[in-house]
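# Structural overview for review
Chain by chain, the residues:
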Amino acid sequence: MFARSSLSRVASQRPTLGAAPQNARNMATLREIELRLKSVRNIEKITKSMKMIASTKLAKAQRAMQAGKEYGSANSEIFEHTSPEAPPKRKLFVVVSSDKGLCGGIHSSVSKATRRALAEPDQADPTSPVMVIGDKSKGQLSRVLGQNMTMSFNQIGRDIPTFADAAGVADLIVKSGVEYDSVAIVYNKFLSAISYEATTVEVTNEKLLKESPGFRAYEMEDDFAKDLSEFALANAIYAALVEAHACEQSARRNAMDNASKNAKDMINALTLQYNRGRQASITNELVDIITGASAL
């Protein structure tokens with residue numbers, strides 16, 4: 001008698017509007033976790049593929065960097081013996097980056113180094129002109145040093161940079177009409193496969209070369225200093241481009257490796273959460289079945 005009255009009271013109660021059964025809510029949560037698991041697995045596949053591609057490109061970039069360093073060492077040897085008597089007053093900053101992202105803080109490194117150099121009056125004039133190779137650093141520096149920006153270059157370094165790319169940039173710098181005493185090239189120096197640092201190398205212009213004691217000791221043609229300064233600028237830009245390209249590929253490989261590890265950790269956590277939710281849903285269904293059978 002008591003059991004029949006209890007069942008009649010339960011049957012007479014109306015379900016609350018807008019409330020979903022417990023099993024339906026669990027199924028919805030499990031479905032969301034399953035979709036997220038699928039998404040993270042797809043991302044892991046992409047990051048692993050990008051890591052493999054970056055590893056292949058890094059090997060080629062390192063070989064090109066070793067060849068490009070010969071140009072930079074030749075420049076260094078020349079300017080060691082042609083130091084100007086007075087330090088250059090007005091510098092032109094050329095920032096070397098690229099157009100692609102997904103490579104950690106490789107672009108922020110050279111942008112911060114440029115801002116620090118311009119913020120110190122002892123190193124450079126705060127109104128010094130700035131030219132940027134690559135859209136990534138251009139976007140970062142234009143927000144802070146928009147008044148200093150005079151020219152930018154893109155589509156350089158999509159593949160391994162060549163001397164023709166560097167010569168084209170140097171030619172546009174010379175023909176731009178910007179006045180400068182020296183060119184300060186800011187780029188990332190390759191230290192190892194996992195580390196790099198922002199470095200600056202300077203190339204003096206034609207006037208300072210002529211006035212240096214090393215050049216005044218010899219008699220030379222009028223166009224010699226001009227040709228040498230332009231060629232030295234192209235050499236320095238090429239050496240910076242190939243070394244920065246190697247740093248970029250190394251940083252991209254490390255970034256994709258870290259992303260793949262993070263995706264694997266997320267997959268493990270989501271799988272555990274999914275299994276727990278599925279087990280809880282099965283347990284609730286069993287409890288409902290057993291409770292209903294005992295009520296009857």
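The structure under discussion appears in the preceding block.
We now turn to the structure provided with this report. Because the structure is a prediction, the values reported are computed rather than measured. (Residues numbered from 1 in each chain as written. Predicted model: local features only at pLDDT ≥ 70, side-chain atom pairs only at ≥ 80, totals over all residues. Heavy atoms only, no water.)

### Details of the overall build of the chain
The test is simple: Only DSSP runs of H or I reaching four residues or more are called helices, and only runs of E reaching two or more are called strands; each is numbered from the N terminus. Using a 1.4 Å probe on the protein chains alone, a residue whose accessible area is under 20% of its type maximum counts as buried, one over 50% counts as exposed, and one in between counts as partly exposed. Any two residues whose heavy atoms approach within 4.5 Å at even a single point are treated as in contact.
Helices and strands together make up the secondary structure of the chain, namely eight helices and five strands. Along the chain, from the amino end to the carboxyl end, the secondary structure elements read α-α-β-α-β-α-β-α-β-β-α-α-α. For the chain, the proportion of its 296 residues judged to be buried stands at 35%. In the chain, the share of contacts with a sequence separation of at least 24, taken over all contacts with a separation of at least 6, comes to 76%.

### A few points about a nonpolar patch on the surface
This is how the line gets drawn: Each patch is built from residues lacking any salt bridge and having more than 30% relative accessible area; the joining distance is 9 Å for like charges and 5 Å for nonpolar side chains (Val, Leu, Ile, Met, Phe, Trp, Tyr). The protein chains shown are the only cover counted for residues, whose accessible areas, like all others here, come from Shrake-Rupley with a 1.4 Å probe. For this document, the term salt bridge refers to a Lys or Arg side-chain nitrogen within 4 Å of an Asp or Glu carboxyl oxygen.
On the surface, a cluster of nonpolar side chains totalling about 390 Å² of accessible area is made up of Ile-282, Leu-286, Ile-289 and Ile-290. Among the secondary structure elements, Ile-289 is positioned in helix α8 (residues 224–295). Residue class for Ile-289 comes out exposed when judged on its relative accessible area of 59%.

### Some words on unusual backbone geometry
In this structure, Leu-102 takes a positive phi of about 60° despite not being glycine. For Leu-102, a relative accessible area of 56% puts it in the exposed group. Positioned with a positive phi, Gln-155 is a non-glycine residue whose angle comes to about 60°.

### Focus on the environment of Asp-159
Looking at the element boundaries, Asp-159 is found in the loop between β3 (149–153) and α5 (163–175). Sequence separation between Asp-159 and Ala-61 is 98 residues; the distance between their C-alpha atoms is 9.0 Å.

### Things to note about the pairing of strand β2 (residues 130–133)
Applied cut-off: Only strands joined by at least two bridges in the DSSP assignment are considered to pair. Whether a crossover is right-handed comes down to one check: with the strands pointing away from the viewer, does the path from the first strand over the helix to the second run clockwise; if it does, it is right-handed.
Because side chains alternate across β2, one face comprises the buried residues Val-130 and Val-132, and the other comprises Met-131 and Ile-133, equally buried. Both strand β1 (residues 91–96) and β2 contribute to a ladder of four bridges, which runs parallel. Bridging from a neighbouring strand, Val-94 pairs with Met-131 of β2. Between the parallel pair β1 and β2, the chain is carried across by helix α3 (residues 106–119), and the sense of this crossover is right-handed. With four bridges joining them, β2 and β3 adopt parallel strand pairing. Across the sheet, residue Val-130 finds its bridge partner in β3, namely Met-149. The parallel pair β2 and β3, bridged by helix α4 (residues 135–144), forms a crossover whose chirality is right-handed.

### Quick look at the environment of Val-186
Within the element layout of this structure, Val-186 appears in strand β4 (residues 182–192). With relative accessibility at 1%, the residue Val-186 sits in the buried group. For the pair formed by Val-186 and Thr-199, sequence separation is 13 residues and the distance between their alpha carbons is 5.7 Å. Residues in contact with Val-186, not counting those within four places in the same chain, are Phe-93, Val-94, Val-95, Val-96, Val-110, Ala-113, Thr-114, Thr-199 and Thr-200.

### Comments concerning empty space enclosed by the protein
Worth spelling out the cut-off: Lining residues are those with an atom within 4 Å of a point, where the points come from a 1 Å grid over the protein atoms alone and group into cavities, where a 1.4 Å probe fits but cannot get out, or pockets, open sets with protein on both sides within 12 Å along at least five of seven lines. Grid points are joined across faces, edges and corners, and a volume is the space filled by probe spheres set on the points. Just so you know the grouping, Ala, Val, Leu, Ile, Met, Phe, Trp, Tyr, Cys and Pro go in nonpolar, Asp, Glu, Lys and Arg go in charged, and all remaining residues, Gly too, go in polar.
Under the definition given, this model contains two cavities of 30 Å³ or more. When its volume is computed, the largest cavity comes out at roughly 100 Å³. Lining the largest cavity are 13 residues, with Ser-97, Ser-98, Ala-244, His-245 and Glu-248 sitting closest to its centre. Among the elements that line the lining of the largest cavity, the one with the most residues is α8, at four residues. Of the residues belonging to the lining of the largest cavity, the class tally is six nonpolar, six polar and one charged. What the second largest cavity holds in volume is close to 30 Å³. Residue composition of the lining of the second largest cavity, by class: one nonpolar, two polar and four charged.

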